[in-house]
Amino acid sequence: MKEKIEKLREEMNQKLENVETLQELNDIKIMYLGKKGPIVELMNYMKELSVDEKKVFGKLINDLKTEMKNRIESLCIQLEMETLNQKLEQEQVDITLPATKIRIGSPNILEKLIEEVEEVFLSMGYDVVDGPEIEEDKYNFEMLNIPKGHPARDAQDTFYIEGEEILLRSQTSPVQVRTMLKGGGKTPIRMICPGKTYRRDDDDATHSHQFMQIEGLVVDHDISLSDLKGTIDVIVKKLFGSSIETRFRPSYYQFTEPSVEVDISCFNCKQDGCNICKHTGWITIAGAGIVHPNVLKMSGYDPKQWSGFAFGFGAERMAMLKYDIKDLRVFYNTDLRESNTFDRREDFLND
Amino acid sequence: MINLEWVREYIDINDQDLKELAVKVTKAGINVESVITNHISNLIIGQITHVADHPDSDHLHVCKVDIGSQIKQIVCGASNVREGMKVIVALEGAVLQDDFTIKKSKIRNVESEGMLCALFELGLEEKTEETYHKGIHELGKDAKVGEDPIRYLGLDDTLYELDVHKHRNNDCYYHIGFAYELAAILNRKVTLPEDLFDEIDEKVDSHIHLDIETDKCPYYLAKMVTDIEIGPSPQFIQKRLKSVGIRSINNVVDISNYVMLEYGQPLHFFDKDKLGDHILVRDAKEGENIITLDGKERKLTKEDIVITDGKNPVCVAGVMGGANTEVDEHTKTILIESAIFAPTSIRYTASRLGLKSEASIRYGKGLSYEYTEKAMKRACYLLKKYANAKVLTGIIRYDKIDKTQKIVEFTPQEINKMLGITICEEDMEVELERLDFPYKRNGDKFIVTIPPRRLDIEPYINDIAEEIARLYGYHNLISTLPKTNVREGRYIGDVKYRKIISKRLRSLGLTETKTYTLISEEMSHTFSYENKQNVVLPNPMSLDKSVVRTSLLPSIYQVYQYNKSRKVKDIFLYEISKTYDKEYQEESKICGLLSGTYMTNGWTEGVSVDFYLVKGILENLLDYMGFKNRYSFERSEATDFHPGMCASILLDRKPIGILGRIHPKTNKEDVYMFEISMNALMSKTKLLKYKEVSKYPSVHKDVAFIMPRNMPSKQIEMVIGKIGGRLLMDIQVFDIYEGDKIGKDEKSIAYALTFNGQNRTLEEKEVTEIFYKIIDGVKEKCNVKLRDK
């Protein structure tokens, strides 16, 4: 009996040693540990033994059974590992191959700039407003202190649609007028109005019959020219860097008095002189001023109680400066090979 | 153009560096665009002491030139060199025309230490056949060796090119006006030029009679001179006119121009003998003709103002004189006109006739009455002095000009509040004195009278604040922010929608375009799906920009073509813009164009654009906006769209836009476009509310129907939905089959239905009952067959 057990152990060990696949292992498991296997057979044979013999051989058989079970189990884990590793190896990918591109659309370059400007002004409590592009003479000129026959109208070279009454707006200022009228002479105003404007210019690298302005208006009590300077400082530093300085020069617009032209220190050459600033160290980027009392009055704000400032940037000019664009038509052509490089933020770089 | 040498006549600026002065002027508000000077470094007057032929050339000469301190050897090719000649020598380092820099060099092995110059080589003359053959320029005998030849030639004037803002042209775009500006900046006084002269006994009014019959001529002065001698102008007048770009003609014409550039007031000289003894200023008659000085016949309109001899026009007022009264070499007696005309009328006439001149521009911007008489007197003075004229006594005068003084009252606090800084009263007084604005004090109040020469200043505190601040210096302003109540900034109205939709479409992979509002009429007829009429510009710049678009589709298709022709494969675009119809009704629209592969890595098959992808993008947008279950798609047809792949988009059953593939006749590629009215999306949506998912299990049932190929699935889904009722949670299409197993014109669509009781577990029996009801209902209502497995 003892020999039989030992022989069986030897036989099994030998078989297990040569096992290569899970299938083979399973076959061995069924063959030896199954209901018709030799171990069960030995157990059945025990019935015919004496109590003392039963004790001795019972233990031997159980030991063999446990031993084989454990051995098979660990072999099974080992084989499974090997199979998995093989599979993993086969599944290995070339991580250098091109990715599946998740398409991200880009903003129009002008819109990107405008959105940056809007972000700053929104944070300072300004509303962002737009108005009609087909405008009435009243809002585009008359109420901005530009009466009929005024030379400013010649220069504006407007697209008239119906007599002198209906036109494509030549500036976004009518939105300011409309906002003031809505305010009814009672509510303070803080707004910017980026929008399309139209003038009879032939399209070339620096002119366009359609272009975008970013105008702003503040009407409140005690608004000063220094407040205008501070406000422009904020936006300029945000767009062109914190070291940029602003300079005001006297200028002239019908709807502001005093009027100023806004220059910024050249971001390119740090005022050493370069082509961008035409060797002056300064770049003109905006027109602005204190709202003319006539304009306040016409829109229902009493100039004795209220004061305000207004400013206007040319979006194209700002974008051309900021992104080093030489031809204005870029903004209206949408060459995807160019505009798709504008699909990211850049504010992480400026801090 | 302002000549600074000329300005010196009215104000002392001898201590000023003219380049630095230009910066001061610019800072104070008048932009000096450029400082022009003819000065060239390393130019010197020399005298040729010896000329020899070049040993190795048949036309070159080797000259010895005395430049005072030393003798230079210079090789020169000009044929007119000779000993004793005084010449302009460009020494090493001189930079001549076209950035040509003089260096020491060897010319055919002979050393040359500079160059002898012709005027065109210095940019002082045009280079022509004629000037070229003159050879080098010979200076006069009085030229001093070793000195600056440009100064000797009297061409060393410094000029400022001004970019004067529209309103200020008239107070500083003439030399006396500019002198006043300098006087304010430098705190100095202006001296006006001499204009005192003797008059003969004869009186003007016995020779001429004036009538004004228009309200467009508020001020008209005339004076007469006789016995004039026409000849060349004195040198200084010729030189000064030439320096600012005006050709010298003769003493009389030059004086009229000279005075205009002094005082800003244009004058007109009539040949009195041709004119007769009557002047009548009136509105022109419609269709009236005049031959102007340039010999052209001009047809006038009733908007123009004419000077007539009582009957016939002799001058288009403020624009151009008539040939019939032109001053010529035989003229003896002149009638000098100095007047002010309605600026708008002059601008209109000058631009209609294409006759914009120094004079008409000045009239067109408005003139100050202060100098009208002064300029006329100055002209008399100069004519007497330089044309030996005799001046008749008296002035013919018509004077209806408004001479109301502009007076502003203000306190220093008001000015300081506007500027946001503190300028003390004493400083304000100083600034007003510099400006030469007379003022009085009354308590802490200032009462300022604005001089009439400053037409640009209106009687507002703002205007005074500007004048004071620009002299005080804008660099003294500080940076503050408005002291206002805290409030949140927001996107208002359509801007808000545009921003939200824009961001969504970008994240869905579409790139934003911006195209022109004005398109060609031809374009406006493409991709049309609405019954809208365009605004047509009455006076377009060009045909390709002649109508205001009602749809963005034609424009976005152009962007597609632009990129396609540049070999861009995948084109995904959108634009949001305002459109207008003939009634000026505004409609903001969202437009998109999709073509190519939407998602790919390039080396396995990707997702190409098809109708359903575009539909998916639109549904994504509409769902995001909160319109779930409120929109639908209906088959449709439109110009330039594929008749079988075109749908109209409905919101609350009203059409709001279109989507579809471009007709293969228009474009063979697979290109899809859509357009939606953004206005239609600016409507109320439900507020967000949390909804718990059902805890009870769902039951799934599949069913397929065989139907005619052209039957829309939506029709079946609607019947299923209706019968399924509240328990039917979801209908999904999971298979579509067309082929041998069913009829030729048939298709089979399989639907997966999900049922859930929400607050209870559904019983199998209950579901089966509804499911069969659905099958029977669809079969009956839609007249389709059930597809058995």
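Residues numbered from 1 in each chain as written. Chains lettered and ligands numbered in written order. Predicted model: local features only at pLDDT ≥ 70, side-chain atom pairs only at ≥ 80, totals over all residues.

(A) Inspection of the overall build of chain A at higher detail. Within chain A, the regular secondary structure consists of 14 helices and 10 strands. A globule of 351 residues ought to have a C-alpha radius of gyration of about 20 Å, yet chain A, at 42 Å, is considerably larger. Viewed in the frame of its principal axes, chain A has a C-alpha envelope of about 130 × 45 × 45 Å. Of all 351 residues assigned to chain A, the portion counted as buried reaches 40%. Sequence-distant contacts in chain A: of pairs separated by 6 or more residues, those separated by 24 or more amount to 65%. (Helix = DSSP H or I, 4+ residues; strand = E, 2+ residues; numbered from the N terminus. Rg over C-alpha atoms; globule rule 2.2 N^0.38 Å. Buried ≥ 20, exposed ≤ 12 C-beta atoms within 10 Å, placed from the backbone. Contact = placed C-beta atoms within 7 Å.)

(B) Quick peek at the overall build of chain B. Across its full length, chain B carries 22 helices and 44 strands. Compactness check: chain B gives a C-alpha radius of gyration of 42 Å against a globular reference of 28 Å for 789 residues, more than 25% above the reference. Overall, chain B is about 125 × 80 × 60 Å in size when its C-alpha atoms are taken along their principal axes. Looking at chain B as a whole, 38% of its 789 residues are labelled buried.

(C) Layout of the sheet that holds strand β2 (residues 134-136) of chain A. Residue and element names in this part refer to chain A. Read from one edge of the open sheet, 3 strands run β2-β4-β3, paired in antiparallel fashion. Two strands lie at the open edges of the sheet, namely β2 and β3 (160-162), each paired on one side alone. With direction set aside, neighbouring strand axes in the sheet form an average angle of 35°. Note that β2 and strand β4 (residues 166-168) share 3 bridges and pair antiparallel. Its bridge partner lying in β4, I134 is registered against L168. (Pairing = 2+ DSSP bridges. Axes fitted to C-alpha atoms, helices over the stretch in contact; angles between N-to-C directions.)

(D) Region of interest: the confidence of the model for chain B. A residue-level look at chain B finds 99% of positions with pLDDT of 70 or above and a mean pLDDT of 92. Two summary scores accompany this predicted model of the complex, namely pTM at 0.83 and ipTM at 0.88. (pLDDT = per-residue confidence, 0-100.)

(E) Layout of the interface of chain B and chain A. At the interface, 77 residues of chain B touch 75 residues of chain A. Going through the elements one at a time, α10 (343-353), α13 (412-419), α15 (461-472), α16 (494-507), β29 (511-512), α18 (553-564), β33 (571-580) and β35 (597-599) of chain B are the ones with two or more residues in the side of chain B that touches chain A. Class assignment of the residues belonging to the side of chain B that touches chain A gives a composition of 34 nonpolar, 22 polar and 21 charged. (Nonpolar A, V, L, I, M, F, W, Y, C, P; charged D, E, K, R; others polar.)

(F) Focus on the environment of V225 of chain B. In this structure, V225 of chain B sits in strand β15 (residues 219-226). The contact partners of V225 of chain B, leaving out residues within four places of it in the chain, are I334, I336, C380, L383, A389, K390, V391 and L392 of chain B.

(G) Inspection of the nonpolar core at higher detail. Residues and elements named next belong to chain B. Counting 169 residues, the largest nonpolar core has V225, A317, I334, I336, A379 and L383 as its most contacted members. Those residues within four positions of A379 in sequence are excluded, and the remaining contacts are I255, S256, V259, L267 and I336. Within the second largest apolar cluster, 45 residues are counted, among which are L505, Y574, L659 and L681. (Core = buried A, V, L, I, M, F, W, Y, C linked by C-beta atoms within 7 Å.)

(H) Representation of the packing of helix α3 (residues 38-46) of chain A against helix α4 (residues 51-91) of chain A. Residue and element names in this part refer to chain A. Contact geometry for α3 and α4: axes closest at 10 Å, N-to-C directions at 170°. Between α3 and α4, the crossing angle belongs to the class labelled roughly antiparallel. Seen along the crossing, α3 lies across α4 with a hand that is left-handed. For the pair α3 and α4, contact is made by I39, L42, M43 and M46 and by K54, F57, G58, I61, L64 and K65, respectively. (Parallel < 35°, antiparallel > 145°, perpendicular 65-115°, else oblique. Left-handed = near helix turned anticlockwise from the far one by under 90°.)

(I) Examining the domain arrangement of chain B more closely. Domain parsing of chain B yields domain 1 (2-38 + 157-186), domain 2 (43-152), domain 3 (199-399), domain 4 (406-476), domain 5 (494-681) and domain 6 (699-786). Computed over C-alpha atoms, the centres of domain 2 of chain B and domain 5 of chain B are 71 Å apart. (Domains from an automatic or database assignment.)

(J) Inspection of the environment of D137 of chain A at higher detail. Residues and elements named next belong to chain A. For D137, the position within the fold is in helix α6 (residues 137-140). Overall, D137 belongs to the buried group, with 20 C-beta atoms counted inside 10 Å. Taking C-alpha positions, D137 is 25 Å from V260, a pair spaced 123 residues apart along the chain. Excluding anything up to four places from it in sequence, D137 contacts E142, E164, E165 and L167.

(K) Structural context of the sheet that holds strand β41 (residues 699-708) of chain B. Residues and elements named next belong to chain B. Taken together, 4 strands build an open sheet; the order of strands is β42-β43-β41-β44 and the sheet is antiparallel. Because the sheet does not close on itself, it has two edges, and the strands there are β42 (728-737) and β44 (785-786). Across 10 bridges, β41 lies against strand β43 (residues 746-755) in antiparallel orientation. Within the sheet, the bridge partner assigned to V703 lies in β43 and is Y751. Sheet strands in contact with helix α21 (residues 713-724) are β41, β42 and β43, and its direction is about 150° off that of β42. Packing of helix α22 (residues 764-782) onto the sheet brings it into contact with β41, β43 and β44, and relative to β41 it is tilted by some 10°.

(L) Main features of the confidence of the model for chain A. Mean pLDDT for chain A: 90, with 98% of residues reaching 70 or above. At the low end of the mean pLDDT range in chain A sits helix α14 (residues 347-350) of chain A, at 56; at the high end sits strand β1 (residues 127-128) of chain A, at 98.

(M) Representation of helix α14 (residues 425-435) of chain B. All names here are of chain B. Listed in full, the buried residues belonging to α14 are M428, E431 and L435. End-on view of α14: buried residues confined to an arc of 60°, all on one side of the axis. Looking at the buried side of α14, the elements it contacts are α6 (175-186), α13, β28 (445-450) and α15. Positioned one or two residues after α14, D436 has a phi angle of 65°, which is positive. (Arc of directions from axis to C-beta.)

(N) The arrangement of α10 of chain B in detail. Turning to α10 of chain B, its buried residues number three or more, namely P343, S345, I346, R347, T349 and A350 of chain B. After α10 of chain B finishes, the residue G354 of chain B shows a positive phi value of roughly 65°.

(O) Up close: the packing of α10 of chain B against helix α11 (residues 358-365) of chain B. Residue and element names in this part refer to chain B. Contact pair α10 / α11: the axes reach a minimum separation of 7 Å and the direction vectors enclose 145°. By crossing handedness, the relation of α10 to α11 is classed as left-handed. Residues P343, I346, R347 and A350 of α10 pack against S360, Y363, G364 and K365 of α11. Residue composition of the contact of α10 with α11, by class: 4 nonpolar, 2 polar and 2 charged.

(P) Just unusual backbone geometry, in detail. In this structure, P258 of chain A follows E257 of chain A across a cis peptide bond, with omega equal to -5°. If you check the backbone angles, N187 of chain B has positive phi at about 60° while not being a glycine.

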